[in-house]
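These are the residues of each chain, in order.
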Amino acid sequence: MSLFQALAPAVSRGTRFIRRFGFLDLFLVVFAFFLYSVVREMAGGRVSAAESHTLDLVQMEQALGIFQETRIQDWIMSSDTLIRFFNAVYTYGHFPLIGALGVWLFIFHRERYLLFRNAFFVAGAIGLLIFNLFPVAPPRLMPYPDGLVDTLSLFQKVNYHSAGAFVNPYAAMPSMHVGFNLLLSLAVASACSGMGQPWRFLGLAASIVMPIVMAAAVVVTGNHYILDIVAGYVVAAAGMWFALALRERGWRVSQAATADDGATVSA
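As the structure is a computational prediction, the values presented were derived from the model and not from experiment.

Undergrad: Would you explain the overall build of the protein chain in this entry?
TA: Scanning the protein chain from terminus to terminus reveals 11 helices and zero strands. What you see in the protein chain, going N to C, is helices and strands ordered as α-α-α-α-α-α-α-α-α-α-α. Evaluated residue by residue, the protein chain yields a buried proportion of 39% over its 267 residues. Sequence-distant contacts in the protein chain: of pairs separated by 6 or more residues, those separated by 24 or more amount to 86%. Accessible surface for the protein chain amounts to roughly 15,100 Å². Of this, 70% is attributable to carbon and sulfur atoms.

Undergrad: Please clarify how the pattern of salt bridges should be interpreted in this entry.
TA: If the charged atoms of two oppositely charged side chains come close together, the side chains can form a pair. With the rule as written, the count across this model stands at one salt bridge. Residue glutamate 111 is joined to arginine 247 by a salt bridge in which the shortest nitrogen-to-oxygen separation is 4.0 Å. Note that glutamate 111 is positioned in helix H7 (residues 110–133) and arginine 247 in helix H11 (residues 226–266), a separation of 136 residues in sequence.

Undergrad: Could you clarify how one ought to interpret the nonpolar core in this entry?
TA: One broad trend across soluble globular proteins is that nonpolar side chains are buried collectively. With 26 residues, the main nonpolar core has Phe120, Ala123, Met176, Phe180, Leu183, Leu184 and Met240 as its most contacted residues. Mapped onto this core, the elements with two or more residues apiece are helix H6 (95–108), H7, helix H9 (176–192) and H11. Once you skip the residues sitting within four places of it in the chain, leucine 184 turns out to touch Leu97, Ile98, Leu101, Phe120 and Met210. Membership of the second largest hydrophobic core comes to 14 residues, among which are Ile76, Val89, Leu152 and Val219.

Undergrad: Teacher, can you tell me more about the packing of aromatic side chains here?
TA: Aromatic ring pairs are reported here in terms of the distance separating the ring centres and the angle at which the planes meet. For the structure shown, the criterion picks out three aromatic pairs. With centroids separated by 5.1 Å and ring planes inclined at 70°, the aromatic side chains of phenylalanine 85 and phenylalanine 86 adopt a geometry described as edge-to-face. Given the relative accessible area of 43%, phenylalanine 85 is considered partly exposed. With 5.0 Å between their ring centres and 35° between their planes, phenylalanine 120 and phenylalanine 180 make a pair best called tilted. Remark: phenylalanine 180 occurs in helix H9 and phenylalanine 120 occurs in helix H7; sequence separation between them is 60 residues. Accessibility expressed as a relative area gives 6% for phenylalanine 180, which makes it buried. One Lys or Arg, arginine 110, reaches over the ring of phenylalanine 106 and ends 3.7 Å from the middle of that ring.

Undergrad: Looking at this structure, I do not really get the side chain of asparagine 181. What am I missing?
TA: Relative to the elements of secondary structure, asparagine 181 occurs in helix H9. Taking the relative accessible area as the measure of exposure, asparagine 181 reaches 3% and is therefore buried. Not counting chain neighbours up to four residues away, the residues in contact with asparagine 181 comprise Gly93, Leu97, Met176, Met210, Pro211 and Met214.

Undergrad: I would appreciate a short explanation of the environment of alanine 119 in the present structure.
TA: Structurally, alanine 119 is set in helix H7. Filtering out sequence-adjacent residues up to four positions away, alanine 119 remains in contact with Leu183, Gly239, Met240 and Ala243.

Undergrad: Got a minute to help me understand the packing of H6 against H7 in this structure?
TA: What describes two packed helices is the angle between their axes and the distance between those same axes. Two numbers describe how H6 lies on H7: the axes approach to 6 Å, and their chain directions differ by 140°. Relative to H7, the element H6 is oriented oblique. The crossing of H6 and H7 is left-handed. Across the interface between the two elements, Ile98, Gly102, Leu105, Phe106 and Phe108 from H6 touch Arg110, Tyr113 and Phe120 from H7. For the contact of H6 with H7, the class distribution of residues is six nonpolar, one polar and one charged.

So, how was this worked out
- Residues numbered from 1 in each chain as written.
- Predicted model: local features only at pLDDT ≥ 70, side-chain atom pairs only at ≥ 80, totals over all residues.
- Heavy atoms only, no water.
- Helix = DSSP H or I, 4+ residues; strand = E, 2+ residues; numbered from the N terminus.
- Buried < 20%, exposed > 50% of the residue type's maximum accessible area, 1.4 Å probe, protein only.
- Contact = heavy atoms within 4.5 Å.
- Areas by Shrake-Rupley, 256 points an atom, 1.4 Å probe, with all protein chains shown as cover.
- Salt bridge = Lys/Arg side-chain N within 4 Å of Asp/Glu carboxyl O.
- Core = buried A, V, L, I, M, F, W, Y, C linked by side-chain atoms within 4.5 Å.
- Phe/Tyr/Trp six-rings, centres within 6.5 Å; stacked < 30°, edge-to-face > 60°.
- Lys NZ or Arg CZ within 6 Å of the ring centre and 35° of its normal.
- Axes fitted to C-alpha atoms, helices over the stretch in contact; angles between N-to-C directions.
- Parallel < 35°, antiparallel > 145°, perpendicular 65-115°, else oblique.
- Left-handed = near helix turned anticlockwise from the far one by under 90°.
- Nonpolar A, V, L, I, M, F, W, Y, C, P; charged D, E, K, R; others polar.

Put into structure tokens, the structure is as follows:
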């Protein structure tokens, strides 16, 4: 017996163990997050280009009649409770929520987990490409009347000034906070669709409310313009489309392989 033959059963058991308990997916997610952060940070430093693009974006919103960010933030600035609420949504409704829902999908809805994992990967890659090609300064870094107040810095210790490395302040377009949140809402709606009536209703309600609240949060906290939100939704939709196409093609390849195996056995 060769060394390879002797080790094959152990390797096979190890592979099954890794797949079953998600260590491979954990590695992929951690690596993707690290790569996303590094590349995002590398795209920073282009201050003049970012500010110029922001002014162009503001002019476009004014021409469309949707430059309402200042008015939206003014509505909540008189209430510390509302400011803290939207700060919490922006901070904890992003990566912490992605992690929690990712674990839930992996354990209870493995097929949907694979679909939305791929959608997140693709949407994130598209976002990184745009960050590098089209840097945009967020409203919190722009002066009045084009800018907004940085509410995170005013009311909590966790903010962009304390984030240190791996933060690109000029990665405002698209808003991946709303893009990823839209994918999360679709994942929740999809996973709850096969449950009983109360859970199905709650899942649908959450999938509607989540993107709206996050869209409000990114504006209220001074981190994104309305067109950043629109771009985030478009990028998320592109990621979802690609993931669905990949799943369909994967099924076709699997069916073709099964058919070929059956034909070989019959022959």
